[in-house]
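# Fold and contact review
Here are the chains, one letter per residue:
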Amino acid sequence: MKIQFTACKAVFLGACILMLMCRPAWTAGPDLLMATTTSTDNTGLLDYLAPHFTEATGIEIKWTATGTGKALELGKRCDVDVLLVHAPDAEKQYVADGYGINRQPIMYNDFVVIGPKSDPADIRGKTTKAALNAILASGSCFVSRGDDSGTHKKEISLWQAAGLTRPDKEPWYIQTGQGMLPSINIAAEQSGYILTDRGTYIKYAHDKGGSPPLVIVVEGGDRLRNQYSVIQVSAENCPDVRADQARAFSGWMAGKQAQQLIDGFRLLDKKLFIPNADQ
């Protein structure tokens, strides 16, 4: 069940940090509360998995979808019990800092750069380094989520790996501060390029009847791998965490049933995620 943080009213925005930091009223009861990245929600994966998890364990899961950076903050502030996120370096630091335990890889896909079919920067088939240099040189529109999400973190790392300073002051560089699908739609409106995970792109293409206005122009390579993991919130940092429910979710996601379900989750006859808990 997807939930939204609606308990904070506008007058409390300063204290609540844009509503996401308040412990909401629905936290009472035995339900498992999760913060996750937008891609697991936008693609429909969680709606697909949740009923099976509840049937197997008797635990109802509720989640909020946000950028990985904000999801990790929700865990730090004890607003959730478990995380499903995709920024490995940030996740490992989160665990090292004592906020999370038992980081469990679950599945992966890859990042791709999508853009107009006309490909104004002529980057089709190039490496990410060459593509970003070409976008910079041509001043072609590039849309960034700009929200500290796992995708945003990856984008920043790609600019750095290309030996470039992220052009956040350039007029052709648009930062949306929104989730993946809304950002893709903005890129389409602006005939721009954008980095996205492949699963969300397949969902986008599916929603466009299989003929999306933006197409994959750059893909492939280990640098674009996109790993998703479950992290249990630490009871030492958050004494009221539902540790048993979080442990059950992590174990179930890594187990045979969930891994088979993830493997079978497809749109346009394409896999959105590849299970890898056993690797």
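Let us look at the structure shown here.

Basis of the calculations
Residues numbered from 1 in each chain as written. Predicted model: local features only at pLDDT ≥ 70, side-chain atom pairs only at ≥ 80, totals over all residues. Heavy atoms only, no water. Helix = DSSP H or I, 4+ residues; strand = E, 2+ residues; numbered from the N terminus. Buried < 20%, exposed > 50% of the residue type's maximum accessible area, 1.4 Å probe, protein only. Contact = heavy atoms within 4.5 Å. Salt bridge = Lys/Arg side-chain N within 4 Å of Asp/Glu carboxyl O. Disulfide = S-S within 2.5 Å. Core = buried A, V, L, I, M, F, W, Y, C linked by side-chain atoms within 4.5 Å. Phe/Tyr/Trp six-rings, centres within 6.5 Å; stacked < 30°, edge-to-face > 60°. Lys NZ or Arg CZ within 6 Å of the ring centre and 35° of its normal.

Looking only at helices and strands, one finds eleven helices and twelve strands in the protein. Counting only residues that meet the buried cut, the protein has 53% of its 279 residues in that class. Nonlocal contacts in the protein, meaning residues at least 24 apart in sequence, comprise 73% of its contacts between residues at least 6 apart.

What follows deals with the pattern of salt bridges. A full pass over the atoms with the stated rule returns 13 salt bridges. For Arg 242, the salt bridge is made with Asp 81, and the minimal N-O distance between the two is 3.4 Å. Residue Arg 242 is found in the loop between strand 9 (225–233) and helix 10 (243–254), and its partner Asp 81 is found in the loop between helix 4 (68–76) and strand 3 (82–85); the two are separated by 161 residues along the sequence. When sorted by exposure, Arg 242 lands in the same class as Asp 81, which is buried. Of the charged contacts in the structure, one is a salt bridge between Asp 207 and Lys 203, with a shortest N-O distance of 3.3 Å. With Asp 207 and Lys 203 both in helix 9 (residues 198–207), this residue pair falls four residues apart, about one helical turn. Because the salt bridges share partners, they merge into one network encompassing Glu 73, Lys 76 and Arg 77.

Applying the stated criterion to the full structure yields one disulfide. The side chain of Cys 78 participates in a disulfide bridge whose partner is Cys 238; the two sulfur atoms lie 2.1 Å from each other. Disulfide Cys 78-Cys 238: torsion about the S-S bond near -80°, hence left-handed. Of this pair, Cys 78 sits in the loop between helix 4 and strand 3 while Cys 238 is found in the loop between strand 9 and helix 10, placing the two residues 160 residues apart along the sequence. We classify Cys 78 as partly exposed; its relative accessible area is 24%. Taking the relative accessible area as the measure of exposure, Cys 238 reaches 2% and is therefore buried.

Here the focus is the nonpolar core. If you look at the biggest cluster of nonpolar residues, it comprises 34 residues, and the most contacted ones within it are Ile 123, Leu 132, Ile 135, Phe 142 and Tyr 193. Listed by contribution, the elements that provide at least two residues to this core are strand 4 (100–116), helix 6 (128–138), strand 5 (142–144), helix 7 (150–161), helix 8 (180–189), strand 7 (193–197), helix 9 and strand 8 (214–218). By size, the runner-up hydrophobic cluster in this structure holds 28 residues, among which are Phe 53, Ile 61, Phe 265 and Phe 273.

Throughout the structure, instances matching the rule amount to ten aromatic pairs. Relative to Phe 273, the ring of Tyr 228 lies with its centre 5.3 Å away and its plane at 85°, an arrangement referred to as edge-to-face. Linking Tyr 228 in strand 9 with Phe 273 in the loop between strand 11 (270–271) and strand 12 (274–275), this pair joins segments that are 45 residues apart in sequence. According to the relative accessible area criterion, Phe 273 is buried, its value standing at 1%. Above the ring of Tyr 108, the side-chain terminus of Arg 225 is found at 4.0 Å from the ring centroid.

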